[in-house]
Amino acid sequence: MSAKPPALLPNHPFWSFSCQVYEKTKDHLLGLQTRYNLNINMLLFCLWFAANNHSSLTKQDLKHLLTSIHTWHERIVAPLRHLRNGLNKNTLLTPTWVESVREEVLATELTAEHIEELLIIDAAPKKGQRNRRTLTQRAAFACQNISLYCQVLYIYPDEADCQCLADILIVIFAELNPEDALALCRAVLMGKHLPNNKATQKQLQLELLIS
């Protein structure tokens, strides 16, 4: 992703957020995409929606969003990615030519990704921002959004996925303690018990009382 928006496309805050987070968590996001075929733009939206105080999404919200972008993603975004990946592996052409074509495809792919995010925003539920929530509440909503996204696709995250998401959360919520981030991810994605520390446990249990 590029921080510079493609020509004529609005630079929505979701796109700016995505560029910043992707730059710092690229390996984690690509790992989830490769492992489960998750849509990175949907993952980022789940995070952005919670981080910006919009509370949580529902399964119905997520199904509606996936339906809204399905045709664009399958006919435009995915083929462009496949083409770019094919150019990475192509040894039949002069390397300089391959790189030149690859850069053009990448630029087009980024434009397609940007449009996909705008489609997500257009289809997003209009819940509005609530009273300012705590750091942990917003992180918990982010976890729940991604958990519901996984449930819609019948994906069951494991311990490695929890650690992966925790690493992403501490990039977005810089003041969140890494141990608490992992505890949140385990509690929401896997239903595991919260930490033994009573003060921390009580706080996280309260934050996780989300509708």
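In case you missed it, the structure is sitting above this.
The shown structure was predicted, so the numbers you read here are calculated from the model rather than taken from an experiment.

Rules used throughout
- Residues numbered from 1 in each chain as written.
- Predicted model: local features only at pLDDT ≥ 70, side-chain atom pairs only at ≥ 80, totals over all residues.
- Heavy atoms only, no water.
- Salt bridge = Lys/Arg side-chain N within 4 Å of Asp/Glu carboxyl O.
- Helix = DSSP H or I, 4+ residues; strand = E, 2+ residues; numbered from the N terminus.
- Buried < 20%, exposed > 50% of the residue type's maximum accessible area, 1.4 Å probe, protein only.
- 1 Å grid on protein atoms, 1.4 Å probe; cavity = no way out; pocket = protein on both sides within 12 Å on 5 of 7 lines; lining within 4 Å.
- Points joined across faces, edges and corners; volume = space filled by probe spheres on them.
- Nonpolar A, V, L, I, M, F, W, Y, C, P; charged D, E, K, R; others polar.

A. Focus on the pattern of salt bridges. Taken as a whole, this structure holds seven salt bridges when the rule is applied. Here Asp161 and Arg35 are joined by a salt bridge, their closest N and O atoms 3.0 Å apart. Placement of Asp161 in helix H6 (residues 159–172) and of Arg35 in helix H1 (residues 13–36) is noted, with a sequence separation of 126 residues between them. A residue is classified by how much of its surface remains accessible, and Asp161, at 6% relative accessible area, is buried. Note on Arg35: relative accessible area 45%, which makes it partly exposed. For the salt bridge of Glu109 with Arg84, the shortest nitrogen-to-oxygen distance reads 2.4 Å. Of this pair, Glu109 sits in helix H4 (residues 95–123) while Arg84 sits in helix H3 (residues 59–89), and the two are 25 residues apart along the sequence. Look at Glu109 and you get buried, because its relative accessible area is 4%. A cluster of three or more residues bridged by salt bridges with shared partners is formed by Arg81, Arg84, Glu109 and Glu113.

B. Geometry of empty space enclosed by the protein. Counted under the stated rule, the structure contains one cavity of 30 Å³ or more. For the largest cavity, the calculated volume is near 70 Å³. Surrounding the largest cavity, Leu32, Tyr36, Leu38, Leu43, Ile146, Cys150, Pro157, Asp161, Leu165 and Leu189 form its lining. Where the lining of the largest cavity is concerned, the elements lending two or more residues are H1, helix H5 (135–152) and H6. Residues that form the lining of the largest cavity fall into these classes: nine nonpolar, no polar and one charged.

Worth remembering: the numbers are spatial, not functional.
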